[in-house]
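# Structural overview
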Amino acid sequence: MNVSEAYGILMGKVILMTEKVVKEKLEGLGKRMIKEIEKNEGPTFETVLRTKSNTIFDESEGCLRTGDKTETRKFLSVAQAKTFMQTVAVAAKTKKFISEDLHASIRSLFYQLKFTLGEDIDEDMFAEQSESNALIEDLEVALGIKREDLHLTTERKGTVAGPIIIKDKFGGEVNTIDGTAMGRSGWGIPSDVDNDIEFKTTADYVLVVEKDAMWQRLNEDKFWKKENCLVITPKGQASRGTRRLLRKLADKKLPIYCFMDCDAWGWYIYWTIKTGSMNLAYLGHDFAVPEARFLGVSMKDIREFEFLQKLTITAKEVDVKRAEEMLEYPWISRHADWVAELKEVLKTKKKIEQDALQGERLTFVGEYIKDKIAKKKWMS
Amino acid sequence: MAEDIFKQFKEHSVAEFFKKNRQMLGFSGKVRSMTIIVHEYVTNSLDACEEAGILPEIFVQVEELNKETKDHYRITVKDNGPGIPKSHLGKALGQMLAGTKFHRYIQQRGQQGIGAAACTMYSYITTGQKTKAITCHRGKKLTADISIDFKGNKAVVEETSEEPTEETGLLVTAEFKDVRYERSNQGVYEYLRRTALANPHCTITLMDPNNEKSVFPRSVEVNPQKPFEIKPHPLGITTHDLLEFARVNENRKVSSFLQNAFSRVSAAKVDELRTICTEVDFDKDPHELSWEDAEKIVKSFAKVKWIAPAMDSLVPIGKERIETSFRNIFNPEIIVVTERSPRVYRGGIPFMVEAGIAYGGGLVAAEKKGEVMRFANRVPLLFDNSGCVISETIKSIEWNRYNMKNFEEEPVAVLVNLLSVHVPYTSAGKQAISNEEDVADEIKLAVMEAGRTIQRHLSGKRRAHEIATKRKVISRYINQLSSDLSDLAGTKNKKDLLARLEKIVDEKYSQEDLGEEKGEVATKDSAKVDEGEGEE
């Protein structure tokens, strides 16, 4: 079939990693450790240091990534012995998932590994899910693979509607889903959009709206039909699945426009989509969407639309603090429009939610967005 | 001090004085009185045996004569010493201050020599009975009853029989009231146990009122070296002392008096003193020394470099002997003994301190905690604990510096033996040593020195414990890791991995040095960045 040519199968770099490669990577990790043991040494594994100080902004890629500082985890260190054993257990378990072609949520992984270490040992392999979650990240860094490749799923979050065809091979079946025929609910973005799933779209651009309520508004208005665009809501902070989908859509050269609240949380959601987050900096390249643009809501809008002036809220301490922090980040401070915006926040101590745009007329939002895009009134 | 007491009662007899002031000899409290009596007899026996070059074998029997009042006993002490000649029997057992020991500069147990006669007196004033002695000396076995003429301070010896014998030795037996046998820390049993500890060359047998026999066997087959009588050392001599010695001396010149009266003073040293102390005529009659002269000489003593007092004058128990004794009696986990060099205190009186610390092992089993064992010239001091410089000094030590949090709760026994030609007892009871600064300093240094070795041992033990704990922590993960690792690598060699990992962990945590370990812990706080991801 030549669908890939017609629509372009969206493939990021990591997607090329086949299950075979992932399995080999996992086995390689085990084999290296066994080699050390056979040399009469304690087993170790090297991972990239995931600290703030080892997070850098990659100018050419336009995203955050980890630096080259590494750390060596040692089984013979009392402080690391248990974590070491746990990491190997997670690796062994995910290898099994891949072999059996089964997917597991990170919570079910936790339960699979929540067993006692022995009859005479009053200790469980894992006591809290947070322990195993952190080790999954360790493995991702150490092996340079994503958890999705390890057949680990996270909670679904994010909804899309619009001209997109999804071909989902799952549970032994292939289902084709039409994004224009999802009624009032839209299509829920799964945690893994890379493996056994294909997307085709004829949309002109992607609109990301922070809140589900706003998405429902635009969906009811058939905004995506009028504009030939995809309307996506991450429902707050974007999940890995949503971010991967945005990356794939951006790879398809679709412009990504974001419509968020004008407050700390809205800015943070936007910048995480754009440059990646510090916590997942090691996956920055695969997750960041530097092409993303910020449509609003902005402080400028308050000046422009008189009715908004009555709808502002006093900025909270967290908003002010976040604005101050953002001015310090080099990947933000190099954008004059953002500096001006943030300085205005600090000066006026005001913020505004995207819902305020419905204050005058419910359908004002659509016009606002169209106007912004047409007149290129966005921020980088 | 005893000397002062004696000056006061020129008109009274010594015996009369002590009859009224018996607590001054230690006869206060029933248990204490019993121990004091045994002590006086045993001490005399030990001194006699050692002087005659005989390895002491001492038998002590305590019989209860009144089971209801529990304060009436017969005490018998028998030794294998040379015995006492007939002519000396009265002096030895019936005359207070009979010996020549008092003003001799020699390390001896009894020292002030009121011992056995005081017991004879105590027996007489509490029961009205005479003390019976059987002495086997030079082929004759003499049996005699001894009492005291209090007014004249004279012994009354009534001979009851005399027959030939091939044995030697002395047996003394007497009845006492106002005494009590108790197996407490201050009782006869403990006294004899400690005596045996400080005198590993003797065998002591005790037959207690219940006819239970305890034997403290000898662990060393040689008698200690005999102490020598020595002259006072110039360092520490006071002006008063110098004048006292000058008064009784028979030399015609100060120069020769100094050389004869004090140790380590040679002709060359006198010449040196002449150059330092030009105002005093060293050729004049020592009897004409003025207070000022004496003061100047004493001051110049301090400016000359002297050889330390003769070690010969002091005979310590000895490092090895204390260790052997400790091992015999406590079987502790560790024994550390320190022996200090001789020093002088006050009037040039040589003394030295030896200290031993025993820790753990048998002390734990015996539930001995924070035990202080005081000795003066090998004699155990059981009473007046709080007023004694040894107890006070040990108490003042910061034991937590030696890995002992609370001295009173640790399985530790500290032995201090003060040796001196003249032990500065606080009273004629001879149970506590007065707080002479020089003595206290030496005690502290000796105990602290031993403490440091104990500390090294204990921290080594703690380290070993830490290493064992670490090994245990890691070991519990080996089984699971081996199994997951063989699954992960797809090698199916779990058993081999398990064995290898166990060996690696064992090797790593049997090493003393854990220095490498420290740096690793610090890097643990990696991954978490303060930035919520909002997912999950």
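Provided above is the structure to which this section pertains.
To keep things clear, this report deals only with the structure shown in the data block. Since the structure is predicted, the reported quantities are computational estimates derived from the model, not experimental observations. (Residues numbered from 1 in each chain as written. Chains lettered and ligands numbered in written order. Predicted model: local features only at pLDDT ≥ 70, side-chain atom pairs only at ≥ 80, totals over all residues. Heavy atoms only, no water.)

The periodicity of an α-helix, 3.6 residues per turn, causes residues three or four positions apart to be oriented the same way. Residues and elements named next belong to chain B. Those residues of helix α11 (residues 319–329) not exposed but buried are R321, I322, S325 and F326. What you see down the axis of α11 is that its buried residues fit within an arc of 135 degrees, all on one side. For α11, the elements touching its buried residues are α6 (188–198), β9 (334–339), β11 (349–359), β12 (371–376) and β14 (412–420). One or two positions beyond α11, positive phi appears at N331, with a value near 45 degrees. (Buried < 20%, exposed > 50% of the residue type's maximum accessible area, 1.4 Å probe, protein only. Helix = DSSP H or I, 4+ residues; strand = E, 2+ residues; numbered from the N terminus. Arc of directions from axis to C-beta. Contact = heavy atoms within 4.5 Å.)

Here the focus is the interface of chain B and chain A. Across the boundary between the two partners, chain B contributes 41 residues, which contact 58 residues of chain A. At the boundary of chain B with chain A, total buried surface from both sides reaches about 4300 Å², with 61% on carbon and sulfur atoms. Counting across the interface, chain B meets chain A through 1 salt bridge. Of the charged contacts, one joins E123(A) and R476(B) as a salt bridge, the two residues approaching to 3.1 Å between their closest N and O atoms. Run the count over chain B and chain A and you get 6 residue pairs in polar contact (both at pLDDT 80 or more). Of all the secondary structure elements, the ones that give two or more residues to the side of chain B that touches chain A are α14 (437–475), α15 (478–489), α16 (494–508) and α17 (515–522) of chain B. Residue composition of the side of chain B that touches chain A, grouped by class: 16 nonpolar, 8 polar and 17 charged. (Buried area = accessible area lost by both parts, 1.4 Å probe. Salt bridge = Lys/Arg side-chain N within 4 Å of Asp/Glu carboxyl O. Polar contact = N/O pair within 3.5 Å; in protein donor to acceptor, adjacent residues only side chain to side chain. Nonpolar A, V, L, I, M, F, W, Y, C, P; charged D, E, K, R; others polar.)

Our next topic: the nonpolar core. Residues and elements named next belong to chain A. L207, I256, F259, W267, W338 and I369 are the most contacted members of the largest nonpolar core, which has 76 residues in total. For this core, the element with the most residues is helix α9 (residues 264–275), which contributes 6 residues. In this structure L207 touches L218, F223, L230, V231, I232, Y257, F259, L295 and I369, once residues within four positions along its chain are discounted. (Core = buried A, V, L, I, M, F, W, Y, C linked by side-chain atoms within 4.5 Å.)

With that settled, consider the packing of α9(A) against helix α12 (residues 317–328) of chain A. Residue and element names in this part refer to chain A. At a minimum axis separation of 8 Å, α9 and α12 run at an interaxial angle of 35 degrees. Here A264, W267, Y268 and W271 of α9 come into contact with α12, specifically with V318, D319, R322, A323 and M326. Of the residues contributing to the contact of α9 with α12, the split by class is 7 nonpolar, no polar and 2 charged. (Axes fitted to C-alpha atoms, helices over the stretch in contact; angles between N-to-C directions.)

In summary, the side chains of a regular strand alternate between the two faces of the sheet. Of the pairings in the sheet, the one linking strand β2 (residues 55–58) of chain A to strand β3 (residues 63–66) of chain A comprises 4 bridges and is antiparallel in character. Counted as the bridge partner of I56(A) is R65(A) from β3(A). (Pairing = 2+ DSSP bridges.)

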